[in-house]
Amino acid sequence: MSAPDGSPVGAERSIGQLFASATTEMSALVHDEIALAKAQLKQDVKRGATSGGAFTLAGAVLVFSLPMLNFALAYGIRTWTDWNLAICFVLSFAANVLVAGVLALIGVVFAKKAKKSKGPQKVAASVKETAGVLQKAKPHPRPAPATTPELEDRAPAAIEAVARSSS
């Protein structure tokens, strides 16, 4: 098994490798949060479009079906009840208004759902929280290595070898 940067797990990694790994993971986190915001915004737009479609459909039903439905319903009521034809037309119109009202209520429900959705606000809060945690993060102090007599004898030679290799 290996770490995200390809080094074996449990192996000592340099500060540069740790920083590169942290940078890669932060970049992936930011990209994932942006993708989440886009998905939630897409869902909100879809709800808004559904609401607009329901309102449009309600208007179309009311406008285009009134003449045909009014005549058919009015004459049907007259046939079944022998009421005055004017009353039958008023009842026919009332039925059309009822259907349009139900469709408008559906539109209102979807509009409220789209308005109440707090998808992008949740993502923004999550990003702020992540940034706050990272700003407060401090490196853990490393314990001082235990000194043994055999290591103290090699210390000057090791320091000199490191100094020569870095110059």
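Cut-offs used in this document
- Residues numbered from 1 in each chain as written.
- Predicted model: local features only at pLDDT ≥ 70, side-chain atom pairs only at ≥ 80, totals over all residues.
- Heavy atoms only, no water.
- Helix = DSSP H or I, 4+ residues; strand = E, 2+ residues; numbered from the N terminus.
- Buried < 20%, exposed > 50% of the residue type's maximum accessible area, 1.4 Å probe, protein only.
- Contact = heavy atoms within 4.5 Å.
- Areas by Shrake-Rupley, 256 points an atom, 1.4 Å probe, with all protein chains shown as cover.
- Axes fitted to C-alpha atoms, helices over the stretch in contact; angles between N-to-C directions.
- Parallel < 35°, antiparallel > 145°, perpendicular 65-115°, else oblique.
- Nonpolar A, V, L, I, M, F, W, Y, C, P; charged D, E, K, R; others polar.
- pLDDT = per-residue confidence, 0-100.
- Bend = angle between axes of the 7 residues up to and from the residue.

A. Quick peek at the overall build of the protein. The helix and strand inventory of the protein stands at four helices and zero strands. Along the protein, from the amino end to the carboxyl end, the secondary structure elements read α-α-α-α. Across the 167 residues of the protein, 16% fall into the buried class. Contacts in the protein between residues at least 24 apart in sequence constitute 57% of all its contacts with a sequence separation of at least 6. Here the protein displays about 13000 Å² of accessible surface, and carbon together with sulfur accounts for 69% of that area.

B. Summary view of the packing of helix 1 (residues 15-81) against helix 2 (residues 85-116). For the pair helix 1 and helix 2, interaxial distance at closest approach is 8 Å and the crossing angle is 170°. With respect to helix 2, the axis of helix 1 lies roughly antiparallel. Of the residues assigned to the contact of helix 1 with helix 2, the class counts are 28 nonpolar, eight polar and four charged.

C. Quick peek at the confidence of the model for the protein. Here the protein shows a mean pLDDT of 77. Residues at 70 or above account for 70%. Of all the helices and strands in the protein, helix 4 (residues 149-166) carries the lowest mean pLDDT, 54, while helix 2 carries the highest, 89.

D. Quick peek at the environment of Ser-117. Counting through the fold element by element, Ser-117 comes out in the loop between helix 2 and helix 3 (119-136). In the structure, Ser-117 is positioned 77 residues away from Gln-40 in sequence and 8.7 Å away in space, judged by C-alpha atoms. When sequence neighbours within four positions are dropped, the list of residues in contact with Ser-117 reads Asp-44 and Arg-47.

E. Representation of helix 1 within the structure. Maximal helix bending in helix 1 amounts to about 60°, located at Ser-65; proline Pro-67 follows within four positions. Downstream of helix 1 by one or two residues, Asp-82 has phi in the positive range, about 60°.

F. Focus on the environment of Val-90. With respect to the element layout, Val-90 can be found in helix 2. On a C-alpha basis, the gap between Val-90 and Ala-74 in space is 7.9 Å, while along the polypeptide they are 16 residues apart.

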